[in-house]
Amino acid sequence: QVQLVESGGGLVQAGGSLRLSCAASGRTFSYYAMGWFRQAPGKGREFVAAISRGGGRTDYADSVKDRFTISRDNAKNTVHLQMNSLKPEDTAVYYCAAGQTTATTAGSRYDHWGQGTQVTVSA
């Protein structure tokens, strides 16, 4: 079982940056691919980024490519999402997810989810 806790959300002006972190419990963190998803008010859950178990492969939604970077530290059981050049349309609750799968964009492939952290980008 993996428990995930996100942190680092907040309010930022457009063009600013935030770094989200996700801390995972358990000794098998390296067995899991990790993903970030988001959900804006009135919208469905949306894939943001994913990283493979060893960190060698990453994948991004087109809307965040070249602005966001996902990384992981298996020694510290953490995964991060560095978000630069933020836009108002990035406003959402961001969720960390873990799955014994490849680094996939499909939310259904992830077994464990955090509670989410709010990111608000003002114009």
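Since the structure is predicted, the reported quantities are computational estimates derived from the model, not experimental observations.

By the element assignment, K43 lies in the loop between strand 4 (33–39) and strand 5 (45–51). Sequence-wise, K43 and R67 are 24 residues apart; in three dimensions their C-alpha atoms are separated by 22 Å.

For the structure on display, the rule yields four salt bridges. In this structure, D62 engages K65 in a salt bridge whose closest nitrogen and oxygen atoms are separated by 3.2 Å. For K65, a relative accessible area of 39% puts it in the partly exposed group. The partner of D90 in a salt bridge is R67, and the shortest N-O contact between them spans 2.8 Å. Here D90, found in the loop between strand 8 (78–83) and strand 9 (92–99), pairs with R67, found in the loop between strand 6 (58–60) and strand 7 (68–73); they are 23 residues apart in sequence, far enough to count as distant. For the pair D90 and R67, one class covers both residues: buried.

Looking now at the pairing of strand 1 (residues 4–7). The alternating pattern of strand 1 places L4 and E6 on a buried face, while none of V5 and S7, on the opposite face, is buried. As paired elements, strand 1 and strand 3 (residues 18–24) share four bridges and run antiparallel to each other. Looking at the pairing, E6 lines up with C22 of strand 3.

Before going further, it helps to spend a moment on the sheet that holds strand 8. Judged by pairing direction, the sheet is antiparallel, and its four strands sit side by side in the order 1-3-8-7 without closing on themselves. On the outer flanks of this sheet lie strand 1 and strand 7, each paired with one strand and no other. Mean inter-strand twist for the sheet, computed between neighbouring axes without regard to direction, equals 15°. Inspection of the sheet shows strand 3 paired to strand 8 by six bridges, in the antiparallel sense. Its bridge partner lying in strand 8, L18 is registered against M83.

What counts, and at which threshold
- Residues numbered from 1 in each chain as written.
- Predicted model: local features only at pLDDT ≥ 70, side-chain atom pairs only at ≥ 80, totals over all residues.
- Heavy atoms only, no water.
- Helix = DSSP H or I, 4+ residues; strand = E, 2+ residues; numbered from the N terminus.
- Salt bridge = Lys/Arg side-chain N within 4 Å of Asp/Glu carboxyl O.
- Buried < 20%, exposed > 50% of the residue type's maximum accessible area, 1.4 Å probe, protein only.
- Pairing = 2+ DSSP bridges.
- Axes fitted to C-alpha atoms, helices over the stretch in contact; angles between N-to-C directions.

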